[in-house]
Amino acid sequence: MEKIKSLLLPLALIFSAIAVFEFGARYGATNMQAYAIASELQFPLNIYAQNEADMENSSKEYFAMMIDKGIAAGAVHRQIWHLNRDAKAALDSLLSYALKVRGDAVIERFASMEASEDIPALNQAKLAEIREALAEARVDLIDKAPKVAEQEAE
């Protein structure tokens with residue numbers, strides 16, 4: 001018993017160090033993933049916004065699908081509680097612009113996918129989560145966003 005008692009403190013210190021390291025790695029990775037989602041969404045969004053009128057339907061649909069996928073990933077990712085302020089601000093600013101460009105089409109895309117009977121129940125639950133995250137992001141970033149006149153007044 002005495003031998004085990006002498007090992008308990010070092011083991012506790014090792015496991016606590018592992019837990020702290022794991023939390024720090026997860027925190028850093030989560031923030032970097034927010035930046036990655038924002039930067040990955042920026043290029044196709046800029047192309048789509050600038051050339052939408054001149055695009056063929058197949059190209060327009062392809063870019064819309066890429067953008068909608070990025071918007072969904074960003075909307076779900078912004079709900080993580082340990083996302084730091086700068087990473088969330090970068091993600092929110094790009095999501096705000098993307099939601100303005102795509103409008104209700106992105107929400108309608110995922111709602112129609114959720115209504116499809118060909119999708120298994122597990123994916124139905126994930127689609128419902130995505131749709132809820134999109135609705136929350138739209139309310140936070142578009143509906144509750146300060147107007148330009150209010151920002152200039154400040």
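Bear in mind that the values here come from a model prediction, so they are computed numbers and not experimental data. (Residues numbered from 1 in each chain as written. Predicted model: local features only at pLDDT ≥ 70, side-chain atom pairs only at ≥ 80, totals over all residues. Heavy atoms only, no water.)

With that settled, the discussion passes to the packing of aromatic side chains. Counting across every chain of the model gives 3 aromatic pairs. When the centroid spacing of 5.9 Å and the interplanar angle of 80° are considered together, the rings of tyrosine 62 and phenylalanine 63 count as edge-to-face. Accessibility expressed as a relative area gives 45% for tyrosine 62, which makes it partly exposed. Owing to a relative accessible area of 17%, phenylalanine 63 belongs among the buried residues under this scheme. By the ring-pair criterion, three or more aromatic residues cluster together here, those being Phe23, Tyr27 and Trp81. (Phe/Tyr/Trp six-rings, centres within 6.5 Å; stacked < 30°, edge-to-face > 60°. Buried < 20%, exposed > 50% of the residue type's maximum accessible area, 1.4 Å probe, protein only.)

Here the focus is the packing of helix 1 (residues 2-51) against helix 2 (residues 57-77). For the pair helix 1 and helix 2, interaxial distance at closest approach is 9 Å and the crossing angle is 155°. By the criterion of interaxial angle, the relationship of helix 1 to helix 2 is roughly antiparallel. Here helix 1 runs over helix 2; the crossing is left-handed. Note on element contacts: helix 2 touches helix 1 through Lys60, Phe63, Ala64, Met66, Ile67, Gly70, Ile71, Ala73, Gly74 and His77, opposite Thr30, Gln33, Ala34, Ile37, Leu41, Pro44, Leu45, Ile47 and Tyr48. Its residues assigned to classes, the contact of helix 1 with helix 2 shows 13 nonpolar, 5 polar and 1 charged. (Axes fitted to C-alpha atoms, helices over the stretch in contact; angles between N-to-C directions. Helix = DSSP H or I, 4+ residues; strand = E, 2+ residues; numbered from the N terminus. Parallel < 35°, antiparallel > 145°, perpendicular 65-115°, else oblique. Left-handed = near helix turned anticlockwise from the far one by under 90°. Contact = heavy atoms within 4.5 Å. Nonpolar A, V, L, I, M, F, W, Y, C, P; charged D, E, K, R; others polar.)

Attention now moves to helix 2. For helix 2, which comprises 21 residues, the first-to-last C-alpha distance of 30 Å matches the rise-based estimate of 30 Å (1.5 Å per residue) to within 8%. Buried within helix 2 we find Phe63, Ala64, Ile67, Asp68, Gly70, Ile71, Ala72, Gly74, Ala75 and His77. (Expected span 1.5 Å × (residues − 1).)

With that settled, consider the environment of alanine 38. Considering the arrangement of structural elements, one finds alanine 38 in helix 1. Alanine 38 sits in the buried class, given a relative accessible area of 9%. Separated by 108 residues in the primary sequence, alanine 38 and proline 146 have C-alpha atoms spaced 21 Å apart. Every residue in contact with alanine 38, bar those within four places of it in the chain, is listed here: Ala90, Leu91 and Leu94.

Core analysis: the largest hydrophobic core is formed by 30 residues, its most contacted members being Leu41, Ile71, Leu99, Val106, Phe110 and Leu134. With 7 residues, helix 5 (residues 121-143) is the largest single contributor of residues to this core. Those residues in contact with leucine 134 that lie beyond four places of it in its chain are Ile71, Ala72, Ala75, Val106, Ile107 and Phe110. (Core = buried A, V, L, I, M, F, W, Y, C linked by side-chain atoms within 4.5 Å.)

Glancing now at the side chain of asparagine 31. With respect to the element layout, asparagine 31 can be found in helix 1. For asparagine 31, a relative accessible area of 5% corresponds to the buried category.

Here we take up the pattern of salt bridges. Considering all chains together, one arrives at 8 salt bridges under this definition. Beyond isolated ion pairs, a larger network of salt bridges with shared partners links Glu61, Asp68, Arg102 and Arg109. (Salt bridge = Lys/Arg side-chain N within 4 Å of Asp/Glu carboxyl O.)

On the surface, a cluster of nonpolar side chains totalling about 500 Å² of accessible area is made up of Leu7, Leu11, Ile14, Phe15 and Ile18. Its location among the elements puts leucine 11 in helix 1. (Patch = residues over 30% accessible without salt bridge, like charges linked within 9 Å, V, L, I, M, F, W, Y side chains within 5 Å. Areas by Shrake-Rupley, 256 points an atom, 1.4 Å probe, with all protein chains shown as cover.)

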